[in-house]
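Here are the chains, one letter per residue:
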Amino acid sequence: MLQLRDVVKSYDGKSTVTALAGITLSIAPGEMVAIMGPSGSGKSTLLNLMGGLDVPTSGQLLVAGKDLARESEKARSLFRRNSVSYIFQAYHLMPTLRVRQNVALPLQLAGVSAKKAALQVERVLAEVGLEKRGDHLPDELSGGERQRVAIARALATDAPLLLADEPTGNLDSARGREILALLRSIHANRNTTIVMVTHDHDAASVCDRLIRLRDGRVEDDGVVIGGGR
Ligand SMILES: Nc1ncnc2c1ncn2[C@@H]1O[C@H](COP(=O)(O)OP(=O)(O)O)[C@@H](O)[C@H]1O
Ligand SMILES: [Mg+2]
């Protein structure tokens, strides 16, 4: 699914910051992977590269055998629209849109007809257990419910790759565990490849594999013993 070869990402400012100092790893289709590491170790930068939101300074980033860094901006934008979806710590819902409209957004962007989109929206809302909340505004929901809406929005386009940046970071531990159980069941039912950045040991323990970053490098990469539950 994803192959990174000696990926370096640096940011030029007053001084150059090397966020990723040479990352080599591959992620197979259907894996569920946690990325952990201290703040500033490059986790979000790595996730953004995997999502085609940014390009490496050097090295290769192959998606289905194609080097995303060498693709045109147009091809990368198609990749972002059709092949990858994102969930964030702070949900990033549109506050003035109803739940249903928020979930429909990526389908509208992809040019799906209103009728088809409406069916798909109901389907994914049911998948996250929010079939009765379609008419609500985000403000009327709890944090856990908002994250479910964001997950429904991420599922709407049936993208094969789901990237999550601290998805339980704003939730109490009980709500966090519910979200993790939901992600785990999505992974099991849809065989979606999931890469999740997290500080949460519960989150790492539902994954099959844990990659630890430190100072922009892979410090450790291995199977989670007893993971995947
Ligand atoms: N857009 C940016 N411009 C300059 N420096 C950045 C930018 N994004 C991240 N960095 C720097 O890159 C390093 C890694 O950041 P990040 O990937 O956000 O780490 P993490 O998500 O692990 O906390 C940090 O030193 C951060 O300050
Ligand atoms: Mg981060």
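The structure reproduced in this document is the subject of the present report. (Residues numbered from 1 in each chain as written. Chains lettered and ligands numbered in written order. Predicted model: local features only at pLDDT ≥ 70, side-chain atom pairs only at ≥ 80, totals over all residues. Heavy atoms only, no water.)

Bringing the packing of aromatic side chains into the picture now. Evaluation of the coordinates by the stated rule reveals one aromatic pair. Measuring from ring centre to ring centre gives 5.1 Å for Tyr 86 and Phe 88, while their planes differ by 10°; the resulting arrangement is stacked. On the basis of relative accessibility, which here comes to 14%, the residue Tyr 86 falls in the buried class. For Phe 88, a relative accessible area of 25% translates into the label partly exposed. (Phe/Tyr/Trp six-rings, centres within 6.5 Å; stacked < 30°, edge-to-face > 60°. Buried < 20%, exposed > 50% of the residue type's maximum accessible area, 1.4 Å probe, protein only.)

Turning to the site of ligand 1, a few remarks are in order. For ligand 1, the full set of nearby residues is Tyr 11, Val 17, Ala 19, Pro 38, Ser 39, Gly 40, Ser 41, Gly 42, Lys 43, Ser 44 and Thr 45. Within the backbone of Gly 40, one N or O atom sits 2.7 Å away from an oxygen atom of ligand 1. At a separation of 3.1 Å, an oxygen atom of ligand 1 approaches a polar backbone atom of Gly 42. Burial of ligand 1 by the protein amounts to 57% of the accessible area it has alone, namely 560 Å². The element contributing the most residues to the shell around ligand 1 is helix α1 (residues 43-50), with three residues. (Near = heavy atom within 4 Å. Polar contact = N/O pair within 3.5 Å; in protein donor to acceptor, adjacent residues only side chain to side chain. Areas by Shrake-Rupley, 256 points an atom, 1.4 Å probe, with all protein chains shown as cover. Helix = DSSP H or I, 4+ residues; strand = E, 2+ residues; numbered from the N terminus.)

It is worth stressing that arrangement in space is one thing and function is another; only the former is reported here.
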